Amino acid sequence: MPLRLRLTLLGVGAMASPRFAPAGLLVAYGRHRVAFDGGPGAEPPKGRLDAWLVTDEHAELRSALRRLAAERGLEPHMTDMDLGTLRIHALPVAHTSHPTCGYRIEAEPGAVVWAPEFRTFPAWAAAADLMFAEASSWDRPIRFSGGVGGHAPVRDVGELAARNRVGRLVYAHIGRPCLRAMDAGLTPEYGEWGCEGRTYVLSARHRAR
């Protein structure tokens, strides 16, 4: 039977979210399990992990992530991984003044992108079957002081994901402007809000569901 790629959202919150745990993902494929980002309240369940990968080695949660990963005998870092039938590529994103990345996760069922923070939509996300994306802002960019980076708004992320043929778009780094939009009953024109604890399944026949 063909393997399914299972992707569980550990958290969907932006930094210091009043409602959600920090954005994080657990990927399971066959005997392999890899965690991405997360933090306190968004830890992967007990069990063996091949790796704990992060999109920003200088993020505010780096100390907490190091402690959590150390409890599993791991060190969080940015890197590619080749696990045979599961391939993970760390690819650069424009976000802040130091190097940050997103990940393109490829297996027989298809391609998934984990890119919870970026100022500019990453071209390498094109044609992904499923993308977990930035949602810090609703309708206008967030720009860091000094012009060193920022966050793209949901309005732009959705438009560019559709233009780049992303099959399913899930917003997984939800900031306060988007919380206000959610409370007002607003929904993205393209894509959907991520749900903590939900598992998204990618199979060769059915793609993401």
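Residues numbered from 1 in each chain as written. Predicted model: local features only at pLDDT ≥ 70, side-chain atom pairs only at ≥ 80, totals over all residues. Heavy atoms only, no water.

K.L.:
I'm lost on unusual backbone geometry in this one. Help?
P.N.:
Trans is the common state for peptide bonds, and a negative phi is the common state for residues other than glycine. A positive phi angle, close to 55°, is found at Asp37, a residue other than glycine. Mapped onto the elements of the fold, Asp37 is located in strand S3 (residues 32–37). Residue Asp37 is classed as buried on the basis of its relative accessible area, which comes to 9%. Even without a glycine there, the phi angle at Arg165 is positive, about 65°. With respect to the helices, strands and loops of the structure, Arg165 is situated in the loop between helix H2 (154–163) and strand S12 (168–174). (Helix = DSSP H or I, 4+ residues; strand = E, 2+ residues; numbered from the N terminus. Buried < 20%, exposed > 50% of the residue type's maximum accessible area, 1.4 Å probe, protein only.)

K.L.:
Would you take a moment to explain H2 for this structure?
P.N.:
In an α-helix, one turn spans 3.6 residues; hence positions three or four apart end up facing the same way. When H2 is considered as a whole, its buried residues turn out to be Val154, Val157, Gly158 and Ala161. The arc that holds every buried residue of H2, seen down its axis, measures 95°, which confines them to one face. Buried-residue contacts for H2 involve strand S9 (130–135), S12, helix H3 (176–183) and strand S13 (192–193). Residue Arg165 follows H2 closely and has a positive phi angle near 65°. (Arc of directions from axis to C-beta. Contact = heavy atoms within 4.5 Å.)

K.L.:
Even after reading the chapter, I still don't get the state of the cysteines, so can you show me in this structure?
P.N.:
The term disulfide refers to a covalent linkage connecting the sulfur atoms of a pair of cysteines. Taken as a whole and judged by the stated rule, the model has zero disulfides. Distance from the sulfur of Cys178, which forms no disulfide, to the nearest cysteine sulfur (Cys195) is 16 Å. For Cys178, a relative accessible area of 0% corresponds to the buried category. Owing to a relative accessible area of 40%, Cys195 belongs among the partly exposed residues under this scheme. (Disulfide = S-S within 2.5 Å.)

K.L.:
What is the right way to look at the pairing of S12 in this model?
P.N.:
Working note: regular strand, side chains alternate between the two faces of the sheet. Counting buried positions along S12 yields seven of seven residues, so the element is predominantly enclosed. Summarising the sheet, S9 and S12 pair through six bridges and their orientation is parallel. Looking across to S12, one finds that Met131 is bridged to Leu169. One crossover worth recording links S12 to the parallel S13 by way of H3, and it is right-handed. (Pairing = 2+ DSSP bridges. Right-handed = clockwise from strand over helix to strand, strands pointing away.)

K.L.:
I tried to follow helix H1 (residues 62–70) on my own but got confused; where do I start?
P.N.:
For H1, the complete set of buried residues consists of Ala64, Leu65, Leu68 and Ala69. The buried side chains of H1 occupy one side of the element, clustering within an arc of 130° when seen end-on. Those residues of H1 hidden inside the fold are in contact with S3 and strand S4 (51–53).

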